[in-house]
Amino acid sequence: MAKQNRDAEFTEYVAARAPWLRKVAYLLCGDWHRADDLVQEAVTKLYVRWARLSGVENLDGYARTVLLNTFLAEQRSPWWRWTARRGPETVPEGTVSALDVDASIDLHRALAALPPRQRATVVLRYYCDLTVEQTAAALDCSAGNVKSQSSRGLDALRRSLGRRRVQEESPEPHAFRIPVPAETEGTTS
Amino acid sequence: MTDFTHDHGTDNEYRARLASGLAALADAPAPASRLDTAWAIHTGRSRLRRRRTGLLGAVTAVVLGASLAGAVLPFGNPDASTAPLTGGTSALPRFGPDTGRDPMTINATFGWLPPGFEQYMYDVSPGKLSITALGPETGAGDLLRGRINLAVYPPGQEPPVPEMASTGTKWYLIETAPVNGHPAYWRGTGPDNPVGLGGQRFLRFRVPDGRWAELTESNLESAPLEEMLPRIAADVRTSRQAAALPFTLRDLPSAYALNSANFDVGLESAAGFPWMASLTYVLDHTYVTVVARPDTGRDPKQDPNPPQPGAEVTPSGACKSQRGLRLCVGSPQGDDALAATGGPQGWLDRVTGLGADPADWTTDVIR
């Protein structure tokens, strides 16, 4: 009976939170199918520990950490993941404007070019809205390291998006300008 | 969607636009999810059963029988090979005296470890040494293997204590029995709770030379960690030694600084590579990595997760086979980022492979 209750609670939690975890995974890995694999592995690990998690105050944060560790463990090979950069997936037809798609593809590519921990830092800080300290805890590193990774990540995104702008500069009305200023990560979270 | 790529306004405005752009990217139309919760439960139950009947028995037996077993030195332990480098066929780094020309120089390592923790990952960076020992295969993939990580910090630097866990839970340092007479603490989630979230354990302590270190376990919830981790901590060895590497690197562009040196044994076994050695250098946010693996006939540039049909894979880097090794150089910033230093091929030309037998490797790496 206890096992059934545990499984029912787990299923309910996964049904409610998997879409969010999938989005985080997608921003980390840049590929919806790999994101599914990451979430599948993460929720399996979550199940293994589920019986011990009843007292956890912020289960979402714990699940996100499991997902993050799963992603980072996959990234250990400095060659495979850094060099095989994927292009954008086919986006299903929808109501997204051409400008939105362009900007999304640009950001998708720029994110994919970041080293994994830098990308994870950017996603945790600016998508998950974690503080520097919370990000440091999730990545098991120092706050200073988070600031440094965050600063480098933002700088690299600017450079990457800027280069693309230069390459794709066109007379069309929505052509972007060249980005500029150097990133100076503040000391506040 | 916010046009975050327009870079105007303050940094805070830029960050706000970036946050908005990330949210829009995550909310974009996506293929249907393939998540299978029932399969997660099925697999999770199998893993729990396997752990209860396998790993728990092995680890418990060792801890309880420690007096009989004595100090079991893990295979490949540096202290066991401080003598002149000798031959051997094991695909593990051999250790010798610090030459000053070997980026893979470590000043601490494991002594005792439970049996089965025979595969290591070394990660040497200017600010931190990290060594991870991988436990026995569980049949459930690398991600679920037991891991014990040893992180050692520079003299005078304490391991950071994050104010909050990512769950919003506050961290506490709970004093425990000294390790070799030096103070030691569990990092836990309550003033009287020395256990981390999900049962994970963190033990921080001083090594004999006074530096701070921290042990972190993963996937060992069923083991008697409150006994096992202090025993591991008590036997951490400190001496400066260089790991022989399977290649040399000459005429390194002087402006590049070492970012990290890595040696992994076992982590890529499933992908067909028993070990991997790499050096990563950085200059102004441009990273370049030199990687050596045994030449198994497989292409290390081939992604183990093939791209989706129609996806574009950007050609990048350069590789060569030499003396039984597959040597590759590349940059996550792309080939063009290395143009000023000869491109990937220019870097690769500076690399000389020494073979797959550790007996042929050297601690005289940078020439």
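Because the structure is predicted, anything quoted here is derived from the model rather than measured.

When you go through chain A residue by residue, the secondary structure sums to eight helices and zero strands. Counted from the first residue to the last, chain A has its helices and strands arranged as α-α-α-α-α-α-α-α. Out of the 189 residues belonging to chain A, those deemed buried represent 49%. Within chain A, contacts between residues separated by at least 24 positions form 62% of all contacts whose residues are at least 6 apart in sequence.

All names here are of chain A. Confidence in the prediction for chain A averages 70 pLDDT; 69% of positions are at 70 or higher. Helix 4 (residues 80-83) is the least confidently modelled element of chain A, averaging 39 in pLDDT, while helix 6 (residues 116-126) averages 91, the highest of any element. Contacts of residues 164-189 to residues separated by more than four positions or lying in other chains number 31 contacts, the stretch itself having pLDDT below 50.

All names here are of chain B. Summarising the sheet, strand 6 (residues 172-179) and strand 7 (residues 182-188) pair through six bridges and their orientation is antiparallel. Counted as the bridge partner of Thr176 is Ala184 from strand 7. Between strand 6 and strand 7, which pair antiparallel one after the other, the connecting turn spans two residues, and Asn180 there sits at a positive phi close to 55 degrees.

In this structure, Leu150, Ile232, Ala233 and Ala243 of chain B are the most contacted members of the largest nonpolar core, which totals 67 residues. There are two domains that each give this core at least three residues, and those are domain 1 (9-47 + 243-360) and domain 2 (61-241) of chain B. For Ile232 of chain B, the contacting residues outside a window of four places in its chain are Phe110, Trp112, Leu113, Ile148 and Leu215 of chain B. Counting 57 residues, the second largest nonpolar core, distinct from the first, contains Ala35, Val132 and Leu157 of chain A together with Leu25 of chain B.

Once that is clear, we can look at the sheet that holds strand 16 (residues 325-330) of chain B. All names here are of chain B. Strand order in this open sheet of 12 strands is 6-7-8-9-5-4-3-12-13-14-16-15, and the pairing throughout is antiparallel. Each having just a single partner strand, strand 6 and strand 15 (318-322) make up the two edges of the open sheet. For this sheet, the mean inter-axis angle between neighbouring strands, taken without regard to orientation, is 15 degrees. For strand 12 (residues 257-265) and strand 13 (residues 275-283), the ladder comprises eight bridges, and the chain directions are antiparallel.

It is worth spelling out the packing of helix 2 (residues 32-49) of chain A against helix 3 (residues 59-74) of chain A at this point. Residue and element names in this part refer to chain A. Two elements in contact, helix 2 and helix 3, have axes separated by 9 Å at closest approach and are oriented at 125 degrees. Overall, the two elements helix 2 and helix 3 adopt an arrangement that is oblique. Crossing handedness for the pair helix 2 and helix 3: right-handed. Residues Leu38, Val39, Glu41, Ala42, Lys45 and Leu46 of helix 2 form the contact with helix 3, whose own contacting residues are Ala63, Val66, Leu67, Thr70 and Phe71. Residues belonging to the contact of helix 2 with helix 3 are distributed by class as follows: eight nonpolar, one polar and two charged.

Thresholds applied
Residues numbered from 1 in each chain as written. Chains lettered and ligands numbered in written order. Predicted model: local features only at pLDDT ≥ 70, side-chain atom pairs only at ≥ 80, totals over all residues. Helix = DSSP H or I, 4+ residues; strand = E, 2+ residues; numbered from the N terminus. Buried ≥ 20, exposed ≤ 12 C-beta atoms within 10 Å, placed from the backbone. Contact = placed C-beta atoms within 7 Å. pLDDT = per-residue confidence, 0-100. Pairing = 2+ DSSP bridges. Core = buried A, V, L, I, M, F, W, Y, C linked by C-beta atoms within 7 Å. Domains from an automatic or database assignment. Axes fitted to C-alpha atoms, helices over the stretch in contact; angles between N-to-C directions. Parallel < 35°, antiparallel > 145°, perpendicular 65-115°, else oblique. Left-handed = near helix turned anticlockwise from the far one by under 90°. Nonpolar A, V, L, I, M, F, W, Y, C, P; charged D, E, K, R; others polar.

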